[in-house]
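Observations on the three-dimensional arrangement
Below are the chains, spelled out letter by letter.
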Amino acid sequence: MRKLLTFISLVVVLASAAACGGDKDTADGGPQTPTTPTTPTTPTTPTTPTTPTTPTTPTTPSAQDVAKAKLCRSWVIIKTRVSISGSVKANADFTGCDLGEISDFARKQGVEVKRDFSGIKVESITIASSGEATVKYSSVQPDVADCDFSSLDKGILKYAWRDAEALGYEIANGTAKVEFEGDYCLLTLKSDFEKDSKKYDLSVIFVMAEKS
């Protein structure tokens, strides 16, 4: 028994000595492998800043373009003003544009109007940027004219009806004066003509509002 105890004690002492001493290179007694040093990271080349884009200067529209943009749309006639001078002097204002009513007024002043316009009213005038102008009536086919905008910056609209002969009145082709007053457009047509040795100066002003 004492020998067994002495043997156990010796084993414990040897185990303790092995744990506390021995080769210190590694925990298991083997030599340690040196750690490979890390290669330093190459610094990132800074990004070249982007050159800012120069803003485009907006084009200023011409006076002709501004006038054309204001004129080219659909209009309704609020009031028609007729003035006759020369051999006959007379003025009258009409609500809307009833061609029968206006032609009756002209006849009473001695102006010859060949065509019968009874019951014909202008419903709208549409002027397109392409240069086509369409006059729509209440009871007959529309009339179409070709417009020239080249002098519109001076307030002058040149026009020519495509079927001028069938219209039957003197203000068939020529120029119209264009003015803008607030939301309204004033379109003035003038004609000078002579009949039976009598001279007439006829002016028709349409006061128009944009068609809703």
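Residues numbered from 1 in each chain as written. Predicted model: local features only at pLDDT ≥ 70, side-chain atom pairs only at ≥ 80, totals over all residues. Heavy atoms only, no water.

Let us now look at helix α3 (residues 99–108). Every buried residue belonging to α3 is among Leu-99, Gly-100, Ile-102, Ser-103, Phe-105 and Ala-106, and all of these are buried. Two or three places before Gly-100, at the start of α3, stands the capping residue Asp-98, its side-chain oxygen 3.0 Å from that residue's backbone nitrogen. Gly-110 sits one or two positions beyond α3 and adopts a positive phi of about 95 degrees. (Buried < 20%, exposed > 50% of the residue type's maximum accessible area, 1.4 Å probe, protein only. Helix = DSSP H or I, 4+ residues; strand = E, 2+ residues; numbered from the N terminus. Polar contact = N/O pair within 3.5 Å; in protein donor to acceptor, adjacent residues only side chain to side chain.)

A few words on the side chain of Ser-103. Structurally, the position occupied by Ser-103 is in helix α3. Given the relative accessible area of 6%, Ser-103 is considered buried. Apart from residues no more than four positions distant in its own chain, Ser-103 is found in contact with Val-113 and Phe-117. (Contact = heavy atoms within 4.5 Å.)

Quick look at the pairing of strand β2 (residues 90–95) now. Residues of β2 alternate between two faces, with Ala-90, Ala-92 and Phe-94 buried on one and Asn-91, Asp-93 and Thr-95 left unburied on the opposite face. Here strand β1 (residues 74–86) pairs with β2 via 6 bridges, running antiparallel. Bridge pairing in β2 places Arg-81 opposite Asp-93. The turn joining β1 and β2, which pair antiparallel and follow one another in sequence, is formed by 3 residues. (Pairing = 2+ DSSP bridges.)

Bear in mind that shape data such as this cannot, by itself, settle questions of function.
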